Amino acid sequence: MQGIAILAVVTNAMIIAFTSDMIPCLVYYWSFSVPPYRNHTSYTMDGYINNTLSIFKVADFKNKSKGNPYSEQGNHTTCRYRDFRYPPGHPQEYKHNIYYWHMIAAKLAFITVMEQLIYSVTFFISYAIPDVSKRTKSKIQREKYLTQKLLSENHLKDMMKNMGVIA
């Protein structure tokens, strides 16, 4: 049962980290909204959406996949998609950029911190709330005492019988 609880905590932390937009927003706000990455003098979310979209040059599609059903709507040379990759023309074209690696590190840190926080709270709650109430503990101790007393009296009676047979 404890193993299932641990698995549930880790799974929930991963779901929050990898499906929500909370961590990318915080990483952008605290790391990439100020110099040396942006020109803003204070922390801001200006430019966040543009920063989360990577650029793909349509001419880089393979010939097999070039069929564009929307060609009558205009000549598009680039496509924007949600990812953190270097743009076309960069020496590391279409590879993950530094923002992606910051994001992965922040997500893993979030998972670790959330996991440890929940385990700590669980530990303190289980320490503060006893498994057995004081009343039940005293009843168990009384029963144990009475059992010991009964056993010693029976042992004493057996010894007396044995002493009488020997004498």
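Residues numbered from 1 in each chain as written. Predicted model: local features only at pLDDT ≥ 70, side-chain atom pairs only at ≥ 80, totals over all residues. Heavy atoms only, no water.

Below, the discussion takes up the UniProt feature "transmembrane region" (unreviewed entry) in the protein. UniProt records the feature "transmembrane region" (unreviewed entry) for residues 7–30 and 98–129 in the present numbering. Secondary structure content for residues 7–30 is 92% helix and 0% strand, and the end C-alpha separation is 31 Å. Helix makes up 97% of residues 98–129 and strand 0%, whereas the separation of the span's terminal C-alpha atoms amounts to 46 Å. (UniProt positions renumbered as here; feature names shortened; annotations may be inferred. Helix = DSSP H or I, 4+ residues; strand = E, 2+ residues; numbered from the N terminus.)

A surface patch of nonpolar side chains, amounting to about 490 Å² of accessible area, comprises Ile16, Met22, Leu26, Trp30 and Tyr43. Relative to the elements of secondary structure, Ile16 occurs in helix α1 (residues 2–19). (Patch = residues over 30% accessible without salt bridge, like charges linked within 9 Å, V, L, I, M, F, W, Y side chains within 5 Å. Areas by Shrake-Rupley, 256 points an atom, 1.4 Å probe, with all protein chains shown as cover. Salt bridge = Lys/Arg side-chain N within 4 Å of Asp/Glu carboxyl O.)

This part covers the pairing of strand β1 (residues 53–57). Every second residue of β1 is oriented toward a common face, the buried set being Ser54 and Phe56 and the non-buried set Leu53, Ile55 and Lys57. Where β1 meets strand β2 (residues 78–82), 5 bridges bridge the pair, whose relative direction is antiparallel. The residue bridging Lys57 from the neighbouring strand is Thr78, located in β2. (Buried < 20%, exposed > 50% of the residue type's maximum accessible area, 1.4 Å probe, protein only. Pairing = 2+ DSSP bridges.)

Glancing now at the side chain of Thr52. Following the sequence through the fold, Thr52 ends up in helix α3 (residues 48–52). The buried category is assigned to Thr52, whose relative accessible area is 1%. Not counting the four nearest positions on each side in its chain, Thr52 is found in contact with Tyr81, Arg82, Asp83 and Phe84. (Contact = heavy atoms within 4.5 Å.)

Take the side chain of Asn97 next. Within the secondary structure layout, Asn97 lies in the loop between β2 and α4 (98–128). Setting aside anything within four residues of it in sequence, one finds Asn97 in contact with Phe84, Arg85 and Tyr86.

Residues Ala13, Ala17, Ile23, Val27, Tyr28, Phe32, Tyr48, Phe84, Tyr99, Met103, Ile111 and Met114 constitute the largest nonpolar core, which totals 12 residues. Looking at this core, the elements with two or more residues in it are α1, α2 (22–32) and α4. If we ignore the near neighbours within four places in the chain, the residues touching Met103 are Ile23, Pro24, Val27 and Phe84. (Core = buried A, V, L, I, M, F, W, Y, C linked by side-chain atoms within 4.5 Å.)

Further remarks concern α2. Among all positions in α2, only Ile23, Pro24, Val27, Tyr28 and Phe32 are buried. The arc that holds the buried residues of α2, viewed along the axis, is 135°, so those residues lie on one side. Turning to α2, the residues buried within the fold contact α1, α3 and α4. (Arc of directions from axis to C-beta.)

Taken as a whole and assessed by the stated rule, the structure comprises 9 aromatic pairs. For the pair Tyr28 and Tyr48, a centre-to-centre distance of 5.5 Å together with 65° between the ring planes defines the contact as edge-to-face. Taken as a pair, Tyr28 in helix α2 and Tyr48 in helix α3 lie far apart in primary sequence, 20 residues in all. The residues Tyr28 and Tyr48 share a single accessibility class, namely buried. Consider the rings of Tyr100 and Trp101, whose centres lie 4.8 Å apart with planes at 80°: the pair is edge-to-face. Grouping aromatic residues by their ring pairs yields a cluster made of Tyr29, Trp30 and Tyr43. (Phe/Tyr/Trp six-rings, centres within 6.5 Å; stacked < 30°, edge-to-face > 60°.)

Another aspect to go through is the pattern of salt bridges. Under the counting rule described, the total for this entry stands at 2 salt bridges. Note that Arg85 is salt-bridged to Asp83, the shortest N-O span being 2.5 Å. Taking the relative accessible area as the measure of exposure, Arg85 reaches 26% and is therefore partly exposed. Its relative accessible area of 17% is what places Asp83 among the buried residues.

Tracing the backbone shows Tyr86 in the loop between β2 and α4. A C-alpha to C-alpha distance of 5.6 Å links Tyr86 and Asn97, two positions 11 residues apart in sequence. Not counting chain neighbours up to four residues away, the residues in contact with Tyr86 comprise Gln92, Glu93, Tyr94, Lys95, His96, Asn97 and Ile98.

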